[in-house]
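Chain and residue survey
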Amino acid sequence: MLHSYLVLSALVFAIGFFGVLLRRNTLIIFMGLELMLVASTLALVAFSRFNGTIGGDIFVFFILTVAAAEVAVGLAIIVALFRKRQTIEVDELDSLKN
Amino acid sequence: MGLFLFNFFALLTVICAVGVVVNKNTVNAAMCFMLCLVGVAGLFVLLEAYLLAFVLLLVYAGAVAALFLFIVMLLDTHSQPRPVRRFALVAATIAAALLAVAVLTFHQQPKLAMAAASTGASGASLKDYAYQLFTTYLLPVQIIGFLLLIAMLGVIVLSRKIEATEGAK
Amino acid sequence: MTMLQHAILVLVIPLVSAGVIALFLRRAGGIAAAVSVAAATAIAAIALILAIHGERFEASCEWLRLGNFALSIGIKFDDLAALMLAIVGVVGLCIHVFSLGYMHDDEAKARYFGGLSIFMFSMIGITLADNLFMMFIFWELVGFSSYLLIGHWYERRSASDAAKKAFIVNRVGDFGFLLGIIMCYWSNHTVNLSELGSGHLVYSRLIPLLLFCGAVGKSAQLPLQVWLPDAMEGPTPISALIHAATMVAAGIYMLCRINVLMVPDALTVIMWVGTATALYAALCAIVQSDIKKVLAYSTLSQLGYMVAAFGLGSLASTHDVGGMTHTIVIAAGVGAAMFHLTTHAFFKALLFLGSGSVIHACHHEQNIFRMGGLAKKMPLTFWTFTIGVAAIAGLPFFSGFYSKDAILHLAQEKNTAVFVLLVLTAVLTSFYMVRMWKLVFLGAPRSDQAEHAHEGGLTLTMPLIVLAVLSICGGYTTHEGTGLIYGHLFSGVLSQIPHAEGAGVFIMSLGILAVGAGIALALYKPAATDALAEKSPGLFTALVALRSSFDSVYDYYVTNVQQRFAMLLNFIEQIFLAGLIVRGFAGVVGLFGLGARALHVGKLNVYVYWFFGGVAVLWLFAIGVL
């Protein structure tokens, strides 16, 4: 049933969001972001299946691609940051403070 | 049968998602993430979006998550101490609130409680999919290509040697 | 060239001259002088051409338009303007020529001549103005030129103070003037002088009195007369031009222009103000020891005469408002005032220039008790000065006699109290003028400078001769308004002069002269000190105190009342406006900044919380709660 898929999607999204809020390791935060994306793709596909349209499926395709590009660039940034600061803890990356 | 499979894959996804978030070891978290993606792929198959399921596995689990693993192992980080309990409580509260709101919204919409559509999933046919991709949604495809090019360039620029960037500073 | 073009030319030439001097000739005093004198010659020539040609016209063009309100610049050239323009041109030329000699050794000649040109421009502007706003603009310009020229020797503290005083006191009068113009515009929807003359007017007491305020300031009537004696700090030719012949006469001219707005009550006030000024100034003049100050008070007194003459114009027919009789009677005031203005311009300029010649010869010695015996040393100056004194004292067959006689005749017909006061003032006038004349010219020289005095050059004497001739002939007019030198030129104005019949007036004038001059000749022996001070010190000190009474009142007001009020306002501004409001606002903004700064924690998680907060707000918007 559509309803169950949507609840599942919301649950996974909430878990991902929880991770973004909670964790201090940048990589884990990033994985939480990816989890949120995956949850939204799940919802989209569910809608597309239950409405009989194809637009949702197509859009998932694009989301996938964008997520891949985003991960690539994000990880490149993290690596560069690690090289400079020798840390990937967000608590220690606070040079914008004040 | 469908219900059992749905439950199975749903449980897999949720447990692995939780595993990603609470794992102290980053490598473990990345592995859990991969497994979570497998669960979602299974759900896609249940929703008759076969191409997407495989694309998910190939691209997301196979490339993106693998990239994650690479970087995790590249950056030699030590295990993290547990996060502070106070923050955990606040974050959990917010996430729970988010979930509650979402579920409530779904409950209020009667149309969402529908059963599977009588017609088959239109995304099932590869031919239809491809056709739509190259006619109605051609522009986004081109833009995505452009985006990938930019991302590639960005990554290359960002990962130049430190000496070069330090000289610029 | 049409006459209109002539009129525009006469307005523009001095402006061009001033501009050229200001821009290019700041250091070239000689060339600046030449330019200015050339301009003055051109002005005089064109003024006479305009007058003789006889065409009288009007023209105007719109200058500014703000919605319904239009400010136009225009020229109204009727007989009144022609007469005034001729006076300004001829007297101005004489004074320009005199300045060539008088200011020959001055370092800032260019500034002086530039100021003279600007003054000519402004004065001609007032003369030709066809509406009150334009007149006001040039009114202010004249005040500015006066400020420039009084403070010509600004290194002297007294000179710059006097310039400031003149400007400020003028401003006070101009405030009333502006209020009057605004009221006039508000009531009548026009300030154009011709339109005011022809249409239906809203008669009110306030408009003419407010407009008269301007004349009170500019023509130095009571209570704003305090600036004129101090204005003698400027060079003598300036005193002659501005503060005797033309600028102070602008007030009278303006009154004549607005005579259509007059009502009997306003005229009564004007008459009494003029009479009081005349008497007060005459009393003050008796005890002055500076030659220029005597002439300054004399000017004040004569201006009082003119204003009183204007005010006397309508007292006969208070019940006949709007009828034919009313019009003629007012015009009689105009005629008498303008006639006296004309003759006064001639003989007062003559007297001032004569005193300038004396001062120049005595190397800038101005105290009459240190002069004496100059009659033999400077015969030309002596004779022209005597002609001037005779004119002002009212010796028959001199111009002053005719004009003063006209005023006295008007007073005799209309108001006996005023007549008595004016006669008394005439006696005092002859008294102090003869006093000054005797102390300066007769007897033996009382100082070294007087010993070595000699006649000035041609530039100093030619103007004296010209003005002396005009002082004699300027008074010959007839009933139809023609005159010996005027011809048919200004008949519109001169036909309005009231003429007395019979020998009675002749005898009265001679009597006034005999009494005043006789006492003066008898009383004042050529001595180093004031004879009146010796004979009756009480009277002397009383008269001196009279002179400074107004100044002390104003001084008290400014230091005690106005200064305290200003300090109170300053306090309010500092504490309240600047401190509380301005700095308070800045402080509040600073607080906002501090608050925003605290948000920048640097931790990613916190930013995610804020991000979530924003999403929550948006969601609330979306479901319609907010």
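Residues numbered from 1 in each chain as written. Chains lettered and ligands numbered in written order. Predicted model: local features only at pLDDT ≥ 70, side-chain atom pairs only at ≥ 80, totals over all residues.

Remarks on the overall build of chain C
The condition that has to hold: Note on conventions: DSSP H or I runs of at least 4 residues are helices, E runs of at least 2 residues are strands, and numbering of each starts at the N terminus. Exposure is read from a count of other C-beta atoms within 10 Å of each residue's own; the residue is exposed at 12 or fewer, buried at 20 or more and partly exposed in between. C-beta atoms are placed from the backbone. Here the contact rule is simple: place C-beta atoms from the backbone, and any two residues whose C-beta atoms are within 7 Å are in contact.
Across its full length, chain C carries 25 helices and two strands. The burial tally for chain C puts 51% of its 626 residues in the buried class. Restricting to contacts in chain C with at least 6 residues of sequence separation, those with at least 24 account for 79%.

What about the overall build of chain B?
Across its full length, chain B holds seven helices and zero strands. When the helices and strands of chain B are read in sequence order from the N terminus, they spell out α-α-α-α-α-α-α. Across the 169 residues that make up chain B, the buried fraction comes to 25%. Partitioning the intrachain contacts of chain B with sequence separation of at least 6 by distance along the chain shows that 57% fall at a separation of at least 24.

Considering the packing of helix α1 (residues 2-22) of chain A against helix α2 (residues 26-51) of chain A
For any two helices packed against each other, the geometry is given by the interaxial angle and the distance between the axes. Residue and element names in this part refer to chain A. Selection criterion: The convention used is that axes are lines fitted to C-alpha atoms, helices contributing only their stretch in contact, and that angles between N-to-C directions extend from 0 to 180 degrees. Roughly parallel means an angle under 35 degrees; roughly antiparallel means over 145; roughly perpendicular covers 65 to 115; every other angle is labelled oblique. If you view the pair so one helix is near and one far, a crossing is left-handed when the near helix is turned anticlockwise from the far one by less than a right angle, and right-handed when it is turned clockwise. Residue type decides the class: Asp, Glu, Lys and Arg count as charged, Ala, Val, Leu, Ile, Met, Phe, Trp, Tyr, Cys and Pro as nonpolar, and the leftover types, Gly among them, as polar.
It is the contact of α1 with α2, at a shortest axis distance of 7 Å, that shows an interaxial angle of 165°. Taken together, the axes of α1 and α2 lie roughly antiparallel to each other. By crossing handedness, the relation of α1 to α2 is classed as left-handed. For the contact of α1 with α2, a count of residues per class yields 20 nonpolar, five polar and no charged.

Quick word on the confidence of the model for chain C
All names here are of chain C. Heads up, the rule is: pLDDT is a per-residue confidence score from the predictor, ranging from 0 to 100.
In the predicted model, chain C carries a mean pLDDT of 82, and 89% of its residues have values of at least 70. Low pLDDT, under 50, characterises residues 315-329; the predicted model gives this stretch 17 contacts beyond four residues in sequence or across chains. We note a pTM of 0.67 for the whole complex and an ipTM of 0.89 for its interfaces.

So, α1(A)
Applied cut-off: By this rule the span expected of a helix is its residue count minus one, scaled by 1.5 Å.
The end-to-end C-alpha separation of α1(A) is 30 Å, in line with the 30 Å expected for 21 residues at 1.5 Å each. With respect to burial, α1(A) is a largely interior element, 18 of its 21 residues being buried.

Points about the pairing of strand β1 (residues 57-66) of chain C
All names here are of chain C. Here is the rule: Note: two strands are recorded as paired if DSSP finds a minimum of 2 bridges between them.
Where burial is concerned, little of β1 is hidden: zero out of the ten residues are buried. Bridge count for β1 against strand β2 (residues 69-77) is nine bridges, and the pairing is antiparallel. Across the sheet, arginine 65 pairs through a bridge with alanine 70, a residue of β2.

Some thoughts on the interface of chain A and chain B
In this assembly, 59 residues from chain A lie in contact with 71 residues from chain B. Elements with a contribution of two residues or more to the side of chain A that touches chain B: α1, α2 and α3 (55-85) of chain A. Among the elements that line the side of chain A that touches chain B, the one with the most residues is α3(A), at 21 residues. Classifying every residue of the side of chain A that touches chain B gives 43 nonpolar, ten polar and six charged.

So, the nonpolar core
The line we're drawing: To define a nonpolar core, we join buried Ala, Val, Leu, Ile, Met, Phe, Trp, Tyr and Cys residues through C-beta atoms within 7 Å and take the resulting set.
With 199 residues, the main nonpolar core has Ile252(C) and Ala349(C) as its most contacted residues. Looking at which element gives the most residues to this core, the answer is helix α3 (residues 79-102) of chain C, with 18 residues. When sequence neighbours within four positions are dropped, the list of residues in contact with Ala349(C) reads Val91(C), Cys94(C), Ile95(C), Ala240(C), Ala244(C), Ala245(C) and Leu467(C). With 71 residues, the next largest nonpolar core counts Ala43(A), Val21(B), Phe68(B) and Val72(B) among its residues.

Quick notes on the packing of helix α4 (residues 109-128) of chain C against helix α5 (residues 132-150) of chain C
Residue and element names in this part refer to chain C. At a closest axis distance of 8 Å, the pairing of α4 and α5 adopts a crossing angle of 155°. Viewed along their axes, α4 and α5 adopt a mutual orientation that is roughly antiparallel. Crossing hand, α4 versus α5: left-handed. Taking contact as the criterion, the partners of Gly115, Ile118, Phe119, Ser122, Met123, Gly125 and Ile126 in α4 are, on α5, Met135, Phe138, Trp139, Leu141, Val142, Ser145, Leu148 and Leu149.

Comments concerning the environment of Phe119(C)
Residue and element names in this part refer to chain C. Within the element layout of this structure, phenylalanine 119 appears in helix α4. Residue phenylalanine 119 is classed as buried on the basis of its 26 C-beta neighbours within 10 Å. Remark: the alpha-carbon pair of phenylalanine 119 and alanine 18, spanning 101 residues in sequence, is separated by 9.1 Å. In this structure phenylalanine 119 touches Val142, Ser145, Leu149 and Ile242, once residues within four positions along its chain are discounted.

Quick look at unusual backbone geometry
A cis geometry characterises the amide bond from Leu222(C) onward to Pro223(C), with omega recorded as -10°. Looking at the secondary structure, you find Pro223(C) in the loop between α8 (206-218) and α9 (227-230). The backbone of Glu48(B) sits at a positive phi, close to 65°, despite the residue not being glycine. Assignment of secondary structure puts Glu48(B) in the loop between α2 (26-46) and α3 (50-74). At Ala220(C), a position not held by glycine, the phi torsion is positive, near 55°. Along the chain, Ala220(C) turns up in the loop between α8 and α9. Note on Ala220(C): 29 C-beta atoms within 10 Å, which makes it buried.

Quick notes on the environment of Leu46(B)
All names here are of chain B. Within the secondary structure, leucine 46 sits in helix α2. What makes leucine 46 buried here is the crowd of 20 C-beta atoms within 10 Å. Sequence separation between leucine 46 and leucine 5 is 41 residues; the distance between their C-alpha atoms is 8.0 Å. If sequence neighbours within four positions are ignored, leucine 46 has contacts with Gly2, Leu5, Phe6 and Phe9.

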